[in-house]
Amino acid sequence: MNIEELRDYCLAKPAVTEGFPFGEETLVFKVAGKLFLLIDLDEADRFNVKCDPELAQELRERHPEVQPGYHMNKKMWNTVHMTGTLTRKQLLDMIDHSYHEVVKGLPKKTQAEITGASQ
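For the structure given in this document, a descriptive report is provided here.

Calculation criteria
Residues numbered from 1 in each chain as written. Predicted model: local features only at pLDDT ≥ 70, side-chain atom pairs only at ≥ 80, totals over all residues. Heavy atoms only, no water. Helix = DSSP H or I, 4+ residues; strand = E, 2+ residues; numbered from the N terminus. Rg over C-alpha atoms; globule rule 2.2 N^0.38 Å. Buried < 20%, exposed > 50% of the residue type's maximum accessible area, 1.4 Å probe, protein only. Contact = heavy atoms within 4.5 Å. Areas by Shrake-Rupley, 256 points an atom, 1.4 Å probe, with all protein chains shown as cover. Lys, Arg positive; Asp, Glu negative; His and termini not counted. Charge placed at Lys NZ, Arg CZ, Asp CG, Glu CD. Axes fitted to C-alpha atoms, helices over the stretch in contact; angles between N-to-C directions. Parallel < 35°, antiparallel > 145°, perpendicular 65-115°, else oblique. Left-handed = near helix turned anticlockwise from the far one by under 90°. Nonpolar A, V, L, I, M, F, W, Y, C, P; charged D, E, K, R; others polar. Pairing = 2+ DSSP bridges. Phe/Tyr/Trp six-rings, centres within 6.5 Å; stacked < 30°, edge-to-face > 60°.

Quick look at the overall build of the protein chain
Helix and strand content of the protein chain: four helices and six strands. From first element to last, N terminus to C terminus, the protein chain shows the α and β order α-β-β-β-β-α-β-β-α-α. Since a compact globule built from 119 residues should have a radius of gyration of about 14 Å, the 14 Å found for the protein chain is in line with a globular shape. Looking at the protein chain as a whole, 39% of its 119 residues qualify as buried. Restricting the contact set of the protein chain to residue pairs at least 6 apart, pairs at least 24 apart contribute 43%. Summed over its atoms, the accessible surface of the protein chain is roughly 6800 Å², and 52% of this surface lies on carbon and sulfur atoms. Here the protein chain contributes 15 positively and 19 negatively charged side chains, and the mean placements of these two sets differ by 8 Å.

Laid out in structure tokens, this is it:
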């Protein structure tokens, strides 16, 4: 997966925006204003995603491409390298998981607006 594919995939999700709040070298994706993925444009072969703490540790133990989040809360964030043996599906699953972790932490009203579900 390359950065263009990653960007298209993230932007196709409901309520996602992109921006550069940490400087022009770090592309950030947010859902309803909350960060769920960031990628350094100078090192676009890896990205950071939010993760359930138990799953984060399990993924790190199972895959050398998954490491504690660089410059992030290492309990809940992973840095995922796209240049190893992880499949496209595994990478997309990690992006999806991050997106859903952030959405489930949003107020119920905001969640309903994003998912289109009635309260």
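Some thoughts on the packing of helix α1 (residues 3–11) against helix α3 (residues 88–104)
The geometry of α1 relative to α3 is characterised by a closest axis approach of 11 Å and an angle of 40 degrees between their N-to-C directions. With respect to α3, the axis of α1 lies oblique. In the crossing of α1 with α3, the sense of the turn from one axis to the other is right-handed. Note on element contacts: α3 touches α1 through R88, L92, I95 and D96, opposite E5, L6, Y9 and C10. Of the residues contributing to the contact of α1 with α3, the split by class is five nonpolar, no polar and three charged.

Points about the pairing of strand β6 (residues 77–81)
Of all five residues that make up β6, five are buried, and the element is covered over most of its length. Side chains of β6 alternate between two faces, with W77, T79 and H81 and N78 and V80 buried alike. With five bridges connecting them, strand β4 (residues 46–50) and β6 associate as antiparallel partners. Within β6, the residue paired with N48 across the bridge is T79. For strand β5 (residues 66–68) and β6, the ladder comprises three bridges, and the chain directions are antiparallel. Within the sheet, the bridge partner assigned to V66 lies in β6 and is V80.

Points about the packing of aromatic side chains
According to the stated counting rule, one finds one aromatic pair in the structure shown. Taken together, a centroid distance of 5.4 Å and an interplanar angle of 80 degrees make the contact between F36 and Y99 edge-to-face. With F36 in strand β3 (residues 34–40) and Y99 in helix α3, the pair connects residues that are 63 residues apart, well separated along the chain. For F36, a relative accessible area of 0% corresponds to the buried category.

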